[in-house]
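Results of the structural survey
Residue-level listing of the chains:
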Amino acid sequence: MHPLKPTPLRQTSPHSWIVHGLILLFFVALSGAVAEEGFGPPISIPRPAPNTNVSFVRNLIDQPISAKESKSRGCVFCHKGIEEMHSSPNVVLGCTDCHGGNANLGLTMVKAHVQPRDPIFWKTS
């Protein structure tokens, strides 16, 4: 055979195309079944039904106004005349939500305010 002469294509029987088509059809059907069920073993903890009521954890900005007022009551009592910190009605935060401390009425200044970790360095605010 001459080195530059192209080699003839291998002749295949018409039955081999049918076999290849059936194998391809099998894998396509198998991939569709796997896609529906997913991979891996079934989960051991059942998934909750989609319409179940999940407990809602409220963040501080969405708290009721009564909670905001209870977290500011002692602060406003001592710090008379302070203006409202948040002018937006969409932000509902009490004083202690950001500044810390204890907003109960009748506390001393030391008990109401957050104390420093190192009082030797922070004698005053």
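Residues numbered from 1 in each chain as written. Predicted model: local features only at pLDDT ≥ 70, side-chain atom pairs only at ≥ 80, totals over all residues. Heavy atoms only, no water.

1. Here we look at the overall build of the chain
- Along its length, the chain carries five helices and zero strands.
- Taken from N to C terminus, the helices and strands of the chain fall in the order α-α-α-α-α.
- Within the chain, buried positions represent 9% of all 125 residues.
- The long-range fraction of contacts in the chain, counting pairs at least 24 apart against all pairs at least 6 apart in sequence, stands at 56%.
- When the accessible surface of the chain is split by element, carbon and sulfur atoms take 64% of a total near 11,900 Å². (Helix = DSSP H or I, 4+ residues; strand = E, 2+ residues; numbered from the N terminus. Buried < 20%, exposed > 50% of the residue type's maximum accessible area, 1.4 Å probe, protein only. Contact = heavy atoms within 4.5 Å. Areas by Shrake-Rupley, 256 points an atom, 1.4 Å probe, with all protein chains shown as cover.)

2. Thoughts on the environment of Pro-64
- Among the structural elements, Pro-64 can be located in the loop between helix H1 (14–37) and helix H2 (65–70).
- With residues up to four places along the chain from it excluded, the contact list for Pro-64 reads Arg-58 and Val-92.

3. Considerations on the packing of aromatic side chains
- The final tally for this structure, using the stated rule, is zero aromatic pairs.
- In this structure, Lys-80 packs its charged tip against the face of Phe-77, placed 4.4 Å from the ring centre. (Phe/Tyr/Trp six-rings, centres within 6.5 Å; stacked < 30°, edge-to-face > 60°. Lys NZ or Arg CZ within 6 Å of the ring centre and 35° of its normal.)

4. Some details on the side chain of Gln-63
- Here Gln-63 lies in the loop between H1 and H2.
- Of note is the side chain of Gln-63, whose polar atom sits 3.0 Å from the backbone oxygen of Val-92.
- Reaching out from Gln-63, the side chain makes a polar contact with the side chain of Asp-97 at a distance of 2.6 Å.
- If we skip the residues at most four places from it in the chain, Gln-63 touches Arg-58, Lys-68, Lys-71, Val-92, Leu-93, Gly-94 and Asp-97. (Polar contact = N/O pair within 3.5 Å; in protein donor to acceptor, adjacent residues only side chain to side chain.)

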